[in-house]
Amino acid sequence: MRTDRRPLAVLVSSTFAFTICFAIWMMFAVLGIPIKARLGLNETAFGLLVATPVLSGALVRVPLGIWTDRFGGRIVFFTLMLACALPIYLIGYATRYWHFLVLGLFVGLAGGSFSVGTPYVARWFGKERRGFAMGVFGAGNSGSALTKFVAPAIIAAFGWQALPKVYALVMVATALLFWLGTYSDPAHKSASGESFVEQMRVLKDPRVWRYCQYYSVVFGGYVALALWMTKYYVGEYGFGLKQAALLAACFSLPGGVLRALGGWIADRFGAHKVTWAVMWVCWVCFFVLSYPQTTMNVKTVAGGMDLHIGLGPVAFTLLLFVVGVAMAIGKASVFRFIADDYSDNIGAVSGVVGLAGGLGGFILPIMFGAIVDLTGIRSSSFMLLYGTVCVSLVWMHFSFRPGARSPAAAPAAPLRQAA
């Protein structure tokens, strides 16, 4: 009997396409720095600039998921990539702040690709292999690191206007390669007639709100830091754009590629234990990262002694790497929660939770900028993240009831991950 190679082809092509889409979705993490200098933006305006694509990417998650169920993932994914190409290209000709904001909304549609690729890939694999397939596809988050490797070199060689033009051509080429490398199966289309309003009824369940909070930390925080860290290295440590982007990739890369490992760990030890551990790791790291560069004069028996407290770039990068690993594992463990509790309604719940994560990735960079403008302390962004993790830890502690545990210890249900 001949082996069906279509599932592998779909997985490889979809993962590649998602990686490119995620890289383009995160393009303002690097592109925003020369734009900020050109337009003379303050930190809040910069935060809004880099976050605008995240907003539209979050808002289209649920409708794109519904269209994927109805029309099939291949055509929706292909159409989505082509629709983004022209707005991406036009960024190279933008001259005013509102131009970038409006075009950024259209660029953000590329971020909705995960809600198309997730169900599209999942339906090509059986339950016993679906978790692995979703982990591989979720590794497309590493596109955030890809843009930090590629974008600074393009900007340095040809100017910032060249980057969106190159990305637009790459998007078109990726769309064509995706179409040639994937397949359609009419049996994968959902016959469900549920409307958007009916799918949103899951919001009545308080557990969904908890998972939204957790995901807004591990995914929303990941997106926000991926957008913010290049500029942070430039401002805090004085690195050039290339060096800053490479160091920022030390956070973005593990935050994407280790997601499959996070799924395996969550399957083995349970969603609650893993998510609880992830939150504590982030809590400790954000506490240390929050401390600003401080110089003080300490009176000793021998007289005054100048004392400096603050993280150097090496220690800062190592802590950020740990946070990236923790968030990668946490993104998978939160969706393990959903697989345990909503095995019959995973699509609607994962769409809502994914939407919350995306909105977190939109709101946090704006708040980063506003807090820096108000306090003048760059590390205040980590103070904010420290507070969000505290909320998650308290909520988890008072909401979890061991006696009412969902089948976390039961045989692994099919894990549906999102970006």
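A quick note: this is a predicted structure, and the numbers were derived from the prediction, not measured.

Engineer: So what exactly am I meant to see when it comes to the overall build of the protein here?
Structural biologist: A tally of regular secondary structure across the protein gives 19 helices and two strands. Looking at the protein as a whole, 54% of its 419 residues qualify as buried. Residue pairs at least 24 apart in sequence account for 84% of intrachain contacts in the protein once pairs closer than 6 positions are excluded.

Engineer: Where do I start with the pattern of salt bridges in this structure?
Structural biologist: Think of it this way: side chains of opposite charge can pair up when their charged atoms draw near. Counted by the stated rule, this structure contains three salt bridges. Where K36 meets E43, a salt bridge forms, and the shortest distance between an N and an O atom there is 3.7 Å. For the pair shown, K36 and E43 are each scored as buried. Between R378 and E236 there is a salt bridge whose closest N-O contact spans 3.4 Å. Of the two residues, R378 is situated in the loop between α18 (346-375) and α19 (380-399) and E236 in helix α13 (residues 220-237); the sequence distance between them amounts to 142 residues. For R378, a relative accessible area of 35% corresponds to the partly exposed category.

Engineer: Whenever I open this one, the confidence of the model for the protein confuses me. Can you help?
Structural biologist: Reading fine detail from the predicted coordinates is not recommended where pLDDT is low. Within the protein, residue pLDDT values average 84, and 88% of them lie at 70 or more. Within the protein, the element-level pLDDT minimum falls on helix α11 (residues 196-199), averaging 64, and the maximum on helix α10 (residues 162-181), averaging 95.

Engineer: Help me understand the pairing of strand β2 (residues 303-309) in this model?
Structural biologist: Regular strands show a simple pattern: their side chains alternate between the two faces of the sheet. As paired elements, strand β1 (residues 294-300) and β2 share seven bridges and run antiparallel to each other. Bridge pairing in β2 places M296 opposite L307. Between the end of β1 and the start of β2, which pair antiparallel, lie two residues.

Engineer: Help me understand the nonpolar core, please; the structure alone is not making it clear to me.
Structural biologist: Nonpolar side chains in soluble globular proteins tend to end up buried together. Counting residues in each nonpolar core, the largest one holds 117 residues, and the members touching the most others are F28, L225, M229, F286, F316, V353 and F382. Aside from chain neighbours lying at most four places away, what touches F382 is L225, M229, Y232, F286, L289, S290, F316 and L320.

Engineer: Explain the packing of helix α2 (residues 28-39) against helix α3 (residues 43-59) to me, please; I cannot follow it from the model alone.
Structural biologist: The relative placement of two packed helices is expressed as an angle between their axes plus a distance between the axes. For the pair α2 and α3, interaxial distance at closest approach is 10 Å and the crossing angle is 145°. The crossing of α2 and α3 is right-handed. Packed against α2, whose contacting residues are F28, G32, I33, I35 and K36, the element α3 presents E43, F46, L49, V50 and P53 at the interface. For the contact of α2 with α3, the per-class residue count stands at seven nonpolar, one polar and two charged.

Reading guide: rules and limits
- Residues numbered from 1 in each chain as written.
- Predicted model: local features only at pLDDT ≥ 70, side-chain atom pairs only at ≥ 80, totals over all residues.
- Heavy atoms only, no water.
- Helix = DSSP H or I, 4+ residues; strand = E, 2+ residues; numbered from the N terminus.
- Buried < 20%, exposed > 50% of the residue type's maximum accessible area, 1.4 Å probe, protein only.
- Contact = heavy atoms within 4.5 Å.
- Salt bridge = Lys/Arg side-chain N within 4 Å of Asp/Glu carboxyl O.
- pLDDT = per-residue confidence, 0-100.
- Pairing = 2+ DSSP bridges.
- Core = buried A, V, L, I, M, F, W, Y, C linked by side-chain atoms within 4.5 Å.
- Axes fitted to C-alpha atoms, helices over the stretch in contact; angles between N-to-C directions.
- Left-handed = near helix turned anticlockwise from the far one by under 90°.
- Nonpolar A, V, L, I, M, F, W, Y, C, P; charged D, E, K, R; others polar.

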